[in-house]
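Spelled out, the chains give:
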Amino acid sequence: MQLHRADVVDGAIAILDQYGLADLTMRRLAGSLQVQPGALYWHFPNKQALLGAVADRILTPMADPVVAEEWSGQVAELAHRLRECLLAYRDGAELVSSTYASRLTTSKGRERLVSAAIRAGMPRHEAELAGYTVLYYVLGQTVDEQSRMQMDSAGALPEGASPLEDDSDPTARFDFGLQLFIAGVRHLLGERVR
């Protein structure tokens, strides 16, 4: 059987979901695909490049059409979609965060956020900063949310610190911060019109 790049990414995602990012090694991946570790390097020069491809796969839904027509709705829709992409995989937020930091994943999702900010009336350089701000907000919130859920499932949180005992809805908490960002952009743009 010939090993394809997509097979390697599929195998890496399966290991990520079953064991987590810390246990996603080239050796484990090669074993699960029943190939020698060297066969993986035909498709990816190193583990970091593989992680970038896994992040791109996780973020595939970011390319789907946006339903919202107004810029603020587009930003909110894209931010919620990004959060959903990250939460769909074990350690998804941590993996995507690390690949963004090392510039190993595509920036299509961020570019879509930038485009929405430009439609709001921001100049390109500010829209770029706004795109990064939303991206880092989503990544930070989701890394925290995912980490707390995993620590809780492992019994590693002190009594009363479980996210399951928290009365607040994580999606509502996420949306509150997102709405603060959108209100700030509206305020900034409004100040310029005066």
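Residues numbered from 1 in each chain as written. Predicted model: local features only at pLDDT ≥ 70, side-chain atom pairs only at ≥ 80, totals over all residues. Heavy atoms only, no water.

(A) Quick look at the overall build of the chain. Within the chain, the regular secondary structure consists of 9 helices and 0 strands. In the chain, which comprises 194 residues, the share counted as buried stands at 39%. Sequence separation of 24 or more characterises 68% of the internal contacts of the chain that already satisfy a separation of 6 or more. When the accessible area of the chain is evaluated, it comes to approximately 10600 Å², of which 55% is carbon and sulfur surface. (Helix = DSSP H or I, 4+ residues; strand = E, 2+ residues; numbered from the N terminus. Buried < 20%, exposed > 50% of the residue type's maximum accessible area, 1.4 Å probe, protein only. Contact = heavy atoms within 4.5 Å. Areas by Shrake-Rupley, 256 points an atom, 1.4 Å probe, with all protein chains shown as cover.)

(B) Highlighting empty space enclosed by the protein. Following the criterion strictly, the structure yields 1 cavity of 30 Å³ or more and no others. In this model, the largest cavity occupies a volume close to 40 Å³. Taken together, W71, V75, L113, A117, M122, A130, G131, V134, F181 and V185 make up the lining of the largest cavity. If you list the elements that add at least two residues to the lining of the largest cavity, you get α5 (71–87), α7 (108–120), α8 (124–153) and α9 (170–193). Tallying contributions element by element places α8 first for the lining of the largest cavity, with 3 residues. Partitioned by chemical class, the residues of the lining of the largest cavity number 9 nonpolar, 1 polar and no charged. (1 Å grid on protein atoms, 1.4 Å probe; cavity = no way out; pocket = protein on both sides within 12 Å on 5 of 7 lines; lining within 4 Å. Points joined across faces, edges and corners; volume = space filled by probe spheres on them. Nonpolar A, V, L, I, M, F, W, Y, C, P; charged D, E, K, R; others polar.)

(C) Fine view of helix α6 (residues 92–101). All buried positions along α6 are accounted for by G92, A93, L95, V96, T99 and Y100. The buried residues of α6 occupy an angular sector of 165° when projected down its axis, which confines them to one face. (Arc of directions from axis to C-beta.)

(D) Quick look at the packing of helix α1 (residues 5–19) against helix α2 (residues 26–33). α2 packs onto α1 with a crossing angle of 110° between their chain directions and a minimal axis gap of 10 Å. With respect to α2, the element α1 is oriented roughly perpendicular. Considering how the two elements wind past one another, α1 and α2 form a crossing that is right-handed. Together, D7, V8, G11, A12, I15 and Y19 of α1 and R28, L29, S32 and L33 of α2 make up the contact between the two elements. (Axes fitted to C-alpha atoms, helices over the stretch in contact; angles between N-to-C directions. Parallel < 35°, antiparallel > 145°, perpendicular 65-115°, else oblique. Left-handed = near helix turned anticlockwise from the far one by under 90°.)

(E) Examining the pattern of salt bridges more closely. Tallied over the entire structure, the rule returns 8 salt bridges. The salt bridge involving R186 is made with E70; its shortest N-O contact spans 3.0 Å. Taken together, the residues R186 in helix α9 and E70 in the loop between α4 (47–58) and α5 connect sequence positions 116 residues apart. When its relative accessible area of 43% is taken as the criterion, E70 is described as partly exposed. A salt bridge links R81 to E77; the nearest nitrogen and oxygen atoms lie 3.0 Å apart. Pair noted here: R81 and E77 are both in helix α5, with a separation of 4 residues, about one helical turn. (Salt bridge = Lys/Arg side-chain N within 4 Å of Asp/Glu carboxyl O.)

(F) Fine view of the layout of surface pockets. Estimated volume of the largest pocket: approximately 180 Å³. Forming the boundary of the largest pocket are 13 residues, of which D56, L59, T60, T106 and K108 lie nearest the centre. It is α7 that contributes the most residues to the lining of the largest pocket, 3 residues altogether. The residue makeup of the lining of the largest pocket, split by class, is 6 nonpolar, 4 polar and 3 charged.

(G) Molecular detail of the nonpolar core. Within the largest apolar cluster, 52 residues are counted, with the highest numbers of intra-cluster contacts made by L50, V54, L95 and V96. Elements represented by at least two residues in this core include exactly α1, α2, α4, α5, α6, α7, α8 and α9. With 8 residues, the single largest contributor to this core is α5. Split by domain, the residues of this core number at least three in each of domain 1 (1–45) and domain 2 (58–191). Setting aside residues up to four positions removed in sequence, V96 forms contacts with A55, I58, L59, L86 and L139. (Core = buried A, V, L, I, M, F, W, Y, C linked by side-chain atoms within 4.5 Å. Domains from an automatic or database assignment.)

That's the geometry; what it means functionally is another story.
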